[in-house]
Amino acid sequence: MPELIVNQVGDVTVKTVGKIVNMKDWWSLTPYDKCSFRCVYCSVEAQGKSRPVIKPEDIAPMLDEFVKHQGNLMLALGISSDAYPPEEAEHGLTRLLLPEIAKRNIPFTITTHGDLIVRDIDLLKTCKSLHTIGVSIPNHNEELVRRFEPGAPSCTARIEAV
């Protein structure tokens, strides 16, 4: 069972519950270790083929432990790496997380470059604790966007998703 782990790094206190990390003013949960979108402005360490970091059977126990320590802070999906990389179509971790987050009434937000979020519109409509969804559309010039977000869906696809 996941438990709260507290580490002191200099004058910063880092709290984690499973794969959920406290970022001072919010909690961050990213179900994948890397981001296949390979945006040139993003951390090099975050780039690469997305691989799951959460087993489906660990989602419920992790969230059960998380709600004991959450406080009034928001849970943000897709901050460290995207919650809807192409690999989400195969693994479906974000889709598995949504009803579990909703069941526990955890306030949350999603940020993505992905148009795959449309697949989950049925679940998102039922999540009363969902605060915002942000779909990044950096520019309408597809050629320009392809240069700095080479693996991300086209801007047209993201606009259609919105």
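Residues numbered from 1 in each chain as written. Predicted model: local features only at pLDDT ≥ 70, side-chain atom pairs only at ≥ 80, totals over all residues. Heavy atoms only, no water.

It is not clear to me how the packing of aromatic side chains should be interpreted in this structure. Could you clarify?
Working definition: an aromatic ring pair is given by the centre-to-centre distance plus the angle between the planes. What the rule picks out here adds up to 2 aromatic pairs. The interplanar angle of 85° and the centroid separation of 5.1 Å between the aromatic rings of tryptophan 27 and phenylalanine 66 together place this pair among those described as edge-to-face. Placement of tryptophan 27 in strand β4 (residues 26-29) and of phenylalanine 66 in helix α1 (residues 59-67) is noted, with a sequence separation of 39 residues between them. The pair formed by tryptophan 27 and phenylalanine 66 is uniform in burial state, with each residue classed as buried. (Phe/Tyr/Trp six-rings, centres within 6.5 Å; stacked < 30°, edge-to-face > 60°. Helix = DSSP H or I, 4+ residues; strand = E, 2+ residues; numbered from the N terminus. Buried < 20%, exposed > 50% of the residue type's maximum accessible area, 1.4 Å probe, protein only.)

What is the right way to read the packing of α1 against helix α3 (residues 93-103) from this model?
A pair of packed helices is captured by two measures, namely the crossing angle of their axes and the spacing between those axes. Running from N to C, α1 and α3 point in directions that differ by 45°, and their axes come no closer than 10 Å. With respect to α3, the axis of α1 lies oblique. The element α1 and its partner α3 pack so that their crossing is right-handed. From α1, Ile59, Ala60 and Leu63 reach across to α3, where they touch Leu93, Leu96, Leu97, Glu100 and Ile101. Across the contact of α1 with α3, the residue classes break down as 7 nonpolar, no polar and 1 charged. (Axes fitted to C-alpha atoms, helices over the stretch in contact; angles between N-to-C directions. Parallel < 35°, antiparallel > 145°, perpendicular 65-115°, else oblique. Left-handed = near helix turned anticlockwise from the far one by under 90°. Contact = heavy atoms within 4.5 Å. Nonpolar A, V, L, I, M, F, W, Y, C, P; charged D, E, K, R; others polar.)

Just to check I follow, could you spell out the side chain of arginine 158 for this structure?
Of note, arginine 158 is situated in helix α6 (residues 155-161). Owing to a relative accessible area of 0%, arginine 158 belongs among the buried residues under this scheme. Engagement of the side chain of arginine 158 in a polar contact is seen with the backbone oxygen of serine 136, the distance being 2.7 Å. Discounting residues that sit within four places of it in the chain, arginine 158 has contacts with His113, Val135, Ser136, Ile137, Pro138, Val145, Glu149, Ala152 and Pro153. (Polar contact = N/O pair within 3.5 Å; in protein donor to acceptor, adjacent residues only side chain to side chain.)

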